[in-house]
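Here's the letter readout for the chains.
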Amino acid sequence: DAKLQHMLSDLAASVMDDLELRRTAFRLRENEISLRENEISLRETLREKSELLVAVNKLTTSVIITNPRLPDNPIIFANQGFTELTGFALSEILGRNCRMLQGSQTDPLVAREMRQAVAEQRSFSGVLVNYRKDGTPFLNEIMINPVLDDEGELSSFVGLGQDVTQREQSRLLLEHRVEERTADLAHSQIEILQRLARAAEFRDDETGQHTQRVARTAALVASALGMPEETVTLIYQAAPLHDVGKIAISDLILLKPGKLTEEEFETMKTHAEIGAALLSHGHSEVMRIAERIAGTHHERWDGRGYPEQLVGEQIPIEGRILAVADVFDALTHERPYKEAWSIPEALQEITNQSGRHFDPKVVAAFLTLAHEELL
Ligand SMILES: Cc1cc2nc3c(=O)[nH]c(=O)nc-3n(C[C@H](O)[C@H](O)[C@H](O)COP(=O)(O)O)c2cc1C
């Protein structure tokens, strides 16, 4: 019995051993399978990575990677696009900072923006002058992006670059042409306005000197009032049209040598409305100013002018300026019905009319002008 028991326990032990062995063999096989799988996936990753590397390397766009953990953030990778773009060999640029591409024509402001972006680990994009190895400059369109590791720490920067010299040159040329055409257009518009003014003044002021002097004085006053330079120019361009409505007034009235009857004077007064109507609904600023000037240059600060009896600041500022310039010029020049006044006499009259006929602010600005400017 004891022997049988011994044999049985031996048998049980050997069965257990066998089982354990089988288990171990099974585990080993499982491990082997997973190892093989790992190896396959590693090979796969490696293949993908090397394909990616080949693709990036072959890109015509310049790609570089810098390592900000090393002193002065040097280049640690550059593709063929970079070596072709810059003419530098890898051995000449690896380990160096990209600022080696900059030179005398590089805009320091753009370089500063880049420095700030890099220091603050931000993205950057911009265009700046870089130099090839042979010294030729080109416009480099650069995009810089920070790359963070799994812990969110900055590990590298990737920089893309491309030569946009041609593109920028065509763009500049196009911009220049558009500017030229726009200037041409504005110029021809002003020219047409001037010719319209000439047509109106031809009958009573063949030389057009009155309108030119009034325009100049109006611009000087506008400038003395502190108006922006563009507005001053617009007033100068629009002012010659202040009497354009006279185009519609009969010669019998316009050129009458003596004093006008009351009825004739009423007809004469319509030139303001007619002028405004002629210039109404303009699209350009100069036309709108011309309309206001033509329509309101006979209004008076005290509300006793025409055609609308506007009072004070109801009258557009351009009309208030023209009123002073127009009256001053009429006073200081001979008319069929009057002698020319001296400048001091005319200035005295303008001063007397401050707050009556004229806006006191405009008169004050007018009085700051030197006498020579008013001739
Ligand atoms: C990834 C990366 C790419 C860069 N590529 C260029 C480049 O192509 N041309 C360039 O002039 N500067 C490039 N820079 C910018 C310079 O390396 C440097 O940051 C810049 O000149 C401002 O710093 P600094 O004032 O110290 O020179 C790049 C920067 C980084 C981080």
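Cut-offs used in this document
Residues numbered from 1 in each chain as written. Predicted model: local features only at pLDDT ≥ 70, side-chain atom pairs only at ≥ 80, totals over all residues. Heavy atoms only, no water. Phe/Tyr/Trp six-rings, centres within 6.5 Å; stacked < 30°, edge-to-face > 60°. Helix = DSSP H or I, 4+ residues; strand = E, 2+ residues; numbered from the N terminus. Buried < 20%, exposed > 50% of the residue type's maximum accessible area, 1.4 Å probe, protein only. Domains from an automatic or database assignment. Polar contact = N/O pair within 3.5 Å; in protein donor to acceptor, adjacent residues only side chain to side chain. Contact = heavy atoms within 4.5 Å. Near = heavy atom within 4 Å. Areas by Shrake-Rupley, 256 points an atom, 1.4 Å probe, with all protein chains shown as cover. Nonpolar A, V, L, I, M, F, W, Y, C, P; charged D, E, K, R; others polar.

Turning our eyes to something else, we now look at the packing of aromatic side chains. Under the definition given, this model contains two aromatic pairs. Seen in terms of ring centroids, Phe 265 and Tyr 306 are 6.5 Å apart; in terms of plane orientation they differ by 80 degrees. Their pairing is edge-to-face. Here the residue Phe 265 occupies a position in helix α9 (residues 262-269), and Tyr 306 occupies one in the loop between α11 (285-296) and α12 (317-332), the gap between them amounting to 41 residues. A relative accessible area of 40% places Phe 265 in the partly exposed class. Judged by relative accessible area, Tyr 306 falls into the buried class, the value being 14%.

We now examine the domain arrangement of the protein chain. Per the domain assignment, the segments of the protein chain are domain 1 (1-49), domain 2 (59-163) and domain 3 (188-374). Once you take the C-alpha centre of each, domain 1 and domain 2 turn out to be 56 Å apart.

Attention now moves to the side chain of Thr 296. When you line up the elements, Thr 296 lands in helix α11. Classification of Thr 296 as buried rests on a relative accessible area of 9%. At 2.6 Å, the side chain of Thr 296 and the backbone oxygen of Arg 292 are in polar contact. Beyond its immediate chain neighbours, meaning those up to four positions away, Thr 296 contacts Leu 310, Ile 315, Pro 316 and Gly 319.

Okay, the site of the ligand next. Close to the ligand lie 19 residues; Asn 97, Arg 99, Gln 102, Arg 115 and Asn 130 are nearest. Arg 99 is positioned with one of its side-chain polar atoms (N or O) 2.6 Å from an oxygen atom of the ligand. A distance of 2.8 Å separates an oxygen atom of the ligand from a polar side-chain atom of Gln 102. Contact with the protein chains removes 91% of the 610 Å² of surface that the ligand exposes when unbound. The leading source of residues in the shell around the ligand is helix α4 (residues 108-119), at four residues. Looking at the shell around the ligand, its residues break down into 10 nonpolar, seven polar and two charged.

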